[in-house]
Every structure is written in structure tokens, then in C-alpha cells.
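# Commentary on secondary and tertiary structure
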Amino acid sequence: MEKEKKIKLGISIGDLNGIGSEIILKTFEDIRMLEFCTPIIFGSIKTMSFFKKHFDSGVNFHGINHTDQIVDGKVNVVNVWKENVDINFGEEDSKIGEYSIKSLEAATNALKDNAIDVLVTAPIHKHNIQSESFKFPGHTNYLAEKLGGKSLMFMITDTLKVGLLTDHVPVKDVSSQITAELINEKVNTVYKSLVEDFGIRKPKIAVLGINPHAGDNGVIGEEDDAILRPTLEAIKDKMVYGPYSADSFFGSSNYKNFDAIIASYHDQGLIPFKTITFGHGVNYTAGLSKVRTSPDHGTAFEIAGKGEADNGSFKEAVFKAIDIFNSREEYNEYAKNPLRKAPKRLEKPTRPRDK
């Protein structure tokens, strides 16, 4: 079998007062990780050295000023800034938010320029990052603008994948934003991702209703019958089913019958996803020209700096970025000559995962 390509894996550092630095260090303390990727952290060698000392980490860094200085087999740190930063774990600080954005912008530019292959983002604090020059509710919307494409928040594990019709939208605005056009867009994005990013040739997709009990034939809202049902019926060739009543869908294990589930709004999809998978799930931004993943949690200010953070989800985000990149490469190679025999799947050596 063909050996898995060791790719250049960019990392944006997230909120410096949160747990991002800790989960990055814990992930790459295991030197076996360097067998699968060449990590490039966009931050500062001074800042990472502070974290290394604070957490008594054994990670050795290779400081560089430009991505053309990346060294394979090392944990590279690009100096996006060179000054000392005043870090106070667990505190909300707009100045620290500025460093989050500096790291994200530098990493995104490197991704656009193909200086790195994929991007894994450590958690940011959505309030701290807001400024006159940055008015995005989070990574997904920012990356959609910078990289182009119809982005979709796709929460994934090997056995459960949940996408969203609406993501960071107030609940009061959800039903007004769900249109036939939006449903088509999100279903197409999920379908395309399942085929190209995960190698599922004939995916089955379930869609959850907007209202309780999917509207109960109009008794609890008209949106499911007026918008969701007719739109899904029109695109049933995509093997899309629903709308299903969300309250029993996961508890009955019906989700196991589908390759992906599309929820109507944020909490409808993420509460069951995180209940089932927390600590091992990954947030993947589907629909973009480049691969971006992140852990399924936030900055966790309440435990920041204490050495208590679990890096399991971040490590999974690293592996999923690698897998998706390789799956896309394989799909694109096959698409060039669809008449030939499908290529063999890339060999995946045993990977170090936390118990």
C-alpha cells in the first residue's frame, strides 16, 4: 500500500488565556505525532517558551520567521509577533484577542498560499476577538470569506457526523433563515463532503425538523410542512430523508442508520453530538477549498493554566485534518480518470491516542 503523506499541519494558537496552548503542547509531547505531520504553530517562540515552562513540557520548538524555513521532524513555531505578551490564564482580555486574530490571519494566509496543507485551530473567545477589523462570530464565517466556498459547521467522529442548517444564529431568528435555497445548499455541501472528504460513495443523510415533533402536521408551527418537507422531497435523489422529530432521533439510535445528520439549528445538533462524543469529536468546516478542523470545545477559562485540560479532541482534530486531506487527494486523483479501477485506500499506521 501507498504510505500516508506527511503533511504540513498549520496551527492557530487560539486565546492565549485559555487552554489552547496546553492542548497543543500535550499533543506534541508525544513524538510519534511527528511521524504523521509536520506541525507549524503560528504564534511566537517567546510565547510558546513561556507555556513550555509553565506546563513543564518536554516539547522542543524550532523557531522560524517565514514558512519557507519549516523543518520536517520538528515542532515549528512561526514568529508572528516578537514582543512579550502578558498572559493571565482564565481572564477575558481584548488585547489577547488581538493575538488570537494575528495567529489566525497568518495561518490562513499560509493556507491560501499552500505553505501549509491543512489548518487546525485552537479555541478562540468569540467576544475577545471582536474589533473594527474583525467582526465575525467565529472561525467558520471568517474562513468562508477568506477561502471562498459555502461553509458548513460539520461535527464529526468516525461514527457520527452532524451538520447544521443554521449555526451561530439566535434561536428567535432560526425559522426565518431556513429557506429552500439554504436547505439545498447545506444538503449539497454535506453530500459532497461525505463523498470527497470521507470516501462514502452513496451517503444517506437525515434532516431534523425545525419545530418540536417536526411540526406535528402544522399543530406546532408550519415551517416543516411549508418549507422543509417539499424541499427534501424535491432532492430525494441525494438520498436525503426527513424531517425527523429531533427529540427521539438520537435516543432511539436512529442516527446510526445514516452517514450524516443535518440539524436545523446549533443546539439541536450539538447537544446530542457532544453528549455522545465529548472529548473525541471534531469541528470540521466543510465546503471550503482547504481543510480546517478544530476541537469540539471552547477556551475553558475555568481550568486554563492548571494543567487539567484533556487534549483528546485536539489530537483527533489533527488526525481528521490529515485523513480528510488525503481523502481529497485520493478523490481528485480518481476523478481525473474515473474509468480506471478505484485506488486503494491509503495505509493508516497505528496512531497514538489517549486512553
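How each quantity is defined
- Residues numbered from 1 in each chain as written.
- Predicted model: local features only at pLDDT ≥ 70, side-chain atom pairs only at ≥ 80, totals over all residues.
- Heavy atoms only, no water.
- Helix = DSSP H or I, 4+ residues; strand = E, 2+ residues; numbered from the N terminus.
- Rg over C-alpha atoms; globule rule 2.2 N^0.38 Å.
- Buried < 20%, exposed > 50% of the residue type's maximum accessible area, 1.4 Å probe, protein only.
- Contact = heavy atoms within 4.5 Å.
- Areas by Shrake-Rupley, 256 points an atom, 1.4 Å probe, with all protein chains shown as cover.
- Lys, Arg positive; Asp, Glu negative; His and termini not counted.
- Charge placed at Lys NZ, Arg CZ, Asp CG, Glu CD.
- Pairing = 2+ DSSP bridges.
- Axes fitted to C-alpha atoms, helices over the stretch in contact; angles between N-to-C directions.

Moving on, we come to the overall build of the chain. Helix and strand counts for the chain stand at 10 helices and 12 strands. For 355 residues, the compact-globule formula gives about 20 Å, and the C-alpha radius of gyration of the chain, at 21 Å, lands near that figure. Along the longest, intermediate and shortest principal axes, the C-alpha atoms of the chain span 60 × 50 × 40 Å. Burial status across the chain gives 54% buried among its 355 residues. For the chain, contacts bridging at least 24 residues in sequence account for 73% of all contacts bridging at least 6. Carbon and sulfur atoms make up 48% of the accessible area of the chain, which amounts to about 16200 Å² in all. On the chain, the mean spot of the 45 positive side-chain charges and the mean spot of the 49 negative ones are 7 Å from each other.

This brings us to unusual backbone geometry. Going from Gly242 to Pro243, the amide bond is cis rather than trans, its omega being 5°. Secondary-structure assignment places Pro243 in strand S9 (residues 240-244). Non-glycine residue His213 carries a positive phi angle of around 55°. Tracing the chain through its elements places His213 in the loop between strand S8 (205-208) and helix H7 (223-234). According to the relative accessible area criterion, His213 is partly exposed, its value standing at 41%. Backbone geometry at Ala300 places phi at a positive 50°, although glycine is not the residue there. On the secondary structure map, Ala300 appears in the loop between strand S12 (291-295) and helix H10 (312-336).

Backbone-to-backbone hydrogen bonds pair the strands of a sheet. The strands run either parallel or antiparallel. Spatially, 12 strands are ordered S3-S4-S2-S1-S5-S12-S11-S6-S7-S10-S8-S9 in an open sheet, and the strand pairing comes out mixed. Edge positions in the open sheet fall to strand S3 (61-64) and S9, since each of these has one partner strand only. Between one strand and the next, the sheet's axes are offset by a mean angle of 25°, whatever the strand orientation. Inspection of the sheet shows S8 paired to S9 by three bridges, in the parallel sense. Residue pairing across strands places Ile205 opposite Val240, the latter belonging to S9. Here helix H3 (residues 94-112) sits on the sheet and contacts strand S1 (7-12), strand S2 (37-43), strand S5 (118-121) and S12; the angle it forms with S5, its principal contact strand, is near 165°. Contacts between helix H6 (residues 180-196) and the sheet are confined to strand S6 (149-156), strand S7 (161-164), S8, S9, strand S10 (260-263) and strand S11 (282-288), with S6 contributing the most and set at about 65° to the helix.

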